[in-house]
Amino acid sequence: MIFKLSAFSVVPLVLAAIQGAEAGPIAYGVCQTGCNAVAVACYAGAGAVFGTVTAGIGTPAAIIACNVALGQCSAACATIALFAPIP
């Protein structure tokens, strides 16, 4: 018995093999939760409580570093999770 491949049999196999990026609002929320958990740990390591310090002149450098890291993490979440294609 001879099997003949046609376009109708090959296309579904190719489409099934392609893996798409899964992203969207849920992935963004999970990513932001991870960023905030790390920020809370960073603040605790600096001896402060997350959400109680405002960035003013007397703010310790460690807290400013935590805020900068949180901002970069949040920006990465937005870039990866919100702008990636949703299958």
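These lines cover the structure that appears in this document, whether it is placed above or below.

## Description of helix α2 (residues 25-45)
Taking 1.5 Å of rise per residue, 21 residues should cover 30 Å, and α2 covers 30 Å from first to last C-alpha, within 8% of that figure. Listed in full, the buried residues belonging to α2 are Q32, C35, A39 and Y43. The buried residues of α2 occupy an angular sector of 80° when projected down its axis, which confines them to one face. Turned more than 90 degrees off the buried face of α2, the exposed positions are I26, V30, T33, V38, A44 and G45. Where α2 is buried, its residues contact α3 (61-82). Just downstream of α2 lies G47, where phi reads positive at about 85°.

About the thresholds
Residues numbered from 1 in each chain as written. Predicted model: local features only at pLDDT ≥ 70, side-chain atom pairs only at ≥ 80, totals over all residues. Heavy atoms only, no water. Helix = DSSP H or I, 4+ residues; strand = E, 2+ residues; numbered from the N terminus. Expected span 1.5 Å × (residues − 1). Buried < 20%, exposed > 50% of the residue type's maximum accessible area, 1.4 Å probe, protein only. Arc of directions from axis to C-beta. Contact = heavy atoms within 4.5 Å.

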